[in-house]
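Tertiary structure, described
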Amino acid sequence: MNGVGTHKIQGKELIYSVLDAALAAGYRSIDTASVYKNESDIGSSLLELLAKYNLKREDIFITSKLGPRDQGSGKCREACLQSLSRLKTDYLDLYLIHWPGVQGFKPADSKQKILRQESWKDMEMLYKEGKLKSIGISNYQKHHLEELLQDSSVKPAVLQTEHHPHLVQHEVWKFCQENNIQYQAYSSLGASKDNMLLNDAVIKEIGKKHQRPVAQILLRWAIQQGIGVLPKSTNMQHISENADIFSFELDDEEMKMISQIDSQHHYCWDSSTIV
Ligand code: A2P
């Protein structure tokens, strides 16, 4: 799946133009979160844009996430209902616990485990009520997933986490494959200020060979392994470029070359110390 990411994209005008370009390029999946503070603008933009593109609500897939300060029984439910209201929709296609930790808690505080479990119970209920079509988690490590699978009546459908050629998260990715949890990558393009991933010599060389932008090589590498991607951009040309990843293929040698540049480098956050 290739969805459009919206982290750090704010303001009605910008959101509208990003979503307009994304829908024109063929994207039908939009990823947001309450902490991105753009749900209201996404909701109102979509009302206009669905009409413009002659689309129905069910033609698009909307993902949002539970913020770390909203974890816990009742609070999770309330936060989810607020996201629905801001997004001006009756249901979400996917709702994720954004982070295994809770705002203000130290990584080793075991109360976080209870709050995560309580949040999941709220989400299971919202799923059963039809307000959430699927539920999942983000930034969980293997130990968080094991804990969740032991105590859930609805299995997580999706894990979203940082994953790209500089950070191959072998353990949690394998666990998801073994447990039929769709693995979705964020920051496929590296998300760094100095663009280390977009400037990687190996990726650039492969891009040159295919006469393809480096971003497409990075996204294609993930898609070819069954990993969902959520590239984000405010540049209209990049948005359409990032959608065009299904008309070429990387060969085995190229896939191997890319996998060899793994340096276990987090460009975003590392959740492995959270108990
Ligand atoms: P821009 O908004 O100028 O396109 P990630 O999704 O990994 O977090 O990466 C987001 C970053 O990658 C943004 O800085 C975005 O900048 C940049 N980016 C997105 N698409 C492309 C592209 N096709 N080519 C170059 N940079 C891109």
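Below, the structure is looked at part by part. Source: prediction; values computed, not measured.

1. A look at the overall build of the protein
Across its full length, the protein holds 10 helices and eight strands. In terms of C-alpha radius of gyration, the protein reaches 18 Å, essentially the compact-globule figure of 19 Å for 275 residues. Across its three principal directions, the C-alpha atoms of the protein cover 55 × 45 × 30 Å. The 275 residues of the protein split such that 54% are buried. The positive charge centre, built from 32 side chains, and the negative charge centre, built from 35, are 4 Å apart in the protein.

2. Regarding the environment of Gln71
In this structure, Gln71 sits in the loop between β3 (61-66) and α3 (75-87). Taking relative accessible area as the criterion, Gln71 reaches 3% and is therefore assigned buried. Remark: the alpha-carbon pair of Gln71 and His98, spanning 27 residues in sequence, is separated by 9.6 Å. Other than its neighbours up to four places away in sequence, Gln71 contacts Leu66, Ile97, Trp99, Pro100, Gly101, Val102, Leu115, Arg116 and Ser119. Among the polar contacts made by the side chain of Gln71, one reaches the main-chain carbonyl oxygen of Trp99 at a distance of 3.0 Å. A polar contact of 2.9 Å, which involves the side chain of Gln71, links it to the side chain of Ser119.

3. Description of the state of the cysteines
Applying the stated criterion across every chain yields a total of zero disulfides. Cys76 takes part in no disulfide bond, and the closest cysteine sulfur to it belongs to Cys80, at a distance of 6.5 Å. We classify Cys76 as buried; its relative accessible area is 0%. Free of any disulfide, Cys268 has its nearest neighbouring cysteine sulfur in Cys176, separated by 17 Å. Note on Cys268: relative accessible area 22%, which makes it partly exposed.

4. Digging into the pattern of salt bridges
Per the stated rule, a full pass over the model turns up 14 salt bridges. Between Asp93 and Arg57 there is a salt bridge, and its shortest N-O distance comes to 2.9 Å. Residue Asp93 is located in the loop between α3 and β4 (94-97), and its partner Arg57 is located in the loop between α2 (39-52) and β3; the two are separated by 36 residues in the primary sequence. There is no split in this pair, since Asp93 and Arg57 are both buried. Here Asp244 makes a salt bridge to Arg212, at a shortest N to O gap of 3.2 Å. One end of the pair, Asp244, is in the loop between α9 (236-243) and α10 (252-259); the other, Arg212, is in the loop between α7 (201-210) and α8 (214-223), with 32 residues separating them in the sequence. Taking the relative accessible area as the measure of exposure, Asp244 reaches 34% and is therefore partly exposed. Salt bridges here are not isolated pairs; linked through shared partners, they connect Arg77, Glu129 and Lys131.

5. Some points on empty space enclosed by the protein
Per the counting criterion, the structure on display carries one cavity of 30 Å³ or more. Empty space within the largest cavity amounts to approximately 40 Å³. Along the walls of the largest cavity sit Ile97, Arg116, Gln117, Trp120, Tyr140, Glu147 and Leu148, which together make up its complete lining. Among the secondary structure elements, those contributing two or more residues to the lining of the largest cavity are α4 (111-128) and α5 (142-150).

6. With respect to the packing of aromatic side chains
Within this structure, the stated rule accounts for two aromatic pairs. Aromatic pair Trp99 and Trp269: ring centres 6.5 Å apart, planes at 80°, arrangement edge-to-face. With a gap of 170 residues between them, Trp99 in the loop between β4 and α4 and Trp269 in the segment after α10 connect regions that are remote in the sequence. On the basis of relative accessible area, Trp269 is assigned to the partly exposed category, the value being 48%. In this structure, Lys133 packs its charged tip against the face of Tyr91, placed 4.8 Å from the ring centre. Above the ring of Phe248, the side-chain terminus of Arg220 is found at 5.9 Å from the ring centroid.

7. Description of the site of the ligand
What surrounds the ligand is a group of 15 residues, the closest being Lys232, Ser233, Thr234, His238 and Asn242. In this structure, Leu189 approaches the ligand through a main-chain N or O atom, which is 2.9 Å from an oxygen atom. Between a nitrogen atom of the ligand and a side-chain N or O atom of Glu241, the distance comes to 2.9 Å. When each cavity is represented as a set of grid points, the ligand is found to reside in the largest pocket. Per-element tally for the shell around the ligand: the top contributor is α9, with three residues. When its residues are assigned to classes, the shell around the ligand shows five nonpolar, eight polar and two charged.

What counts and how
- Residues numbered from 1 in each chain as written.
- Predicted model: local features only at pLDDT ≥ 70, side-chain atom pairs only at ≥ 80, totals over all residues.
- Heavy atoms only, no water.
- Helix = DSSP H or I, 4+ residues; strand = E, 2+ residues; numbered from the N terminus.
- Rg over C-alpha atoms; globule rule 2.2 N^0.38 Å.
- Buried < 20%, exposed > 50% of the residue type's maximum accessible area, 1.4 Å probe, protein only.
- Lys, Arg positive; Asp, Glu negative; His and termini not counted.
- Charge placed at Lys NZ, Arg CZ, Asp CG, Glu CD.
- Contact = heavy atoms within 4.5 Å.
- Polar contact = N/O pair within 3.5 Å; in protein donor to acceptor, adjacent residues only side chain to side chain.
- Disulfide = S-S within 2.5 Å.
- Salt bridge = Lys/Arg side-chain N within 4 Å of Asp/Glu carboxyl O.
- 1 Å grid on protein atoms, 1.4 Å probe; cavity = no way out; pocket = protein on both sides within 12 Å on 5 of 7 lines; lining within 4 Å.
- Points joined across faces, edges and corners; volume = space filled by probe spheres on them.
- Phe/Tyr/Trp six-rings, centres within 6.5 Å; stacked < 30°, edge-to-face > 60°.
- Lys NZ or Arg CZ within 6 Å of the ring centre and 35° of its normal.
- Near = heavy atom within 4 Å.
- Sits in = over half its atoms within 2 Å of the grid points.
- Nonpolar A, V, L, I, M, F, W, Y, C, P; charged D, E, K, R; others polar.

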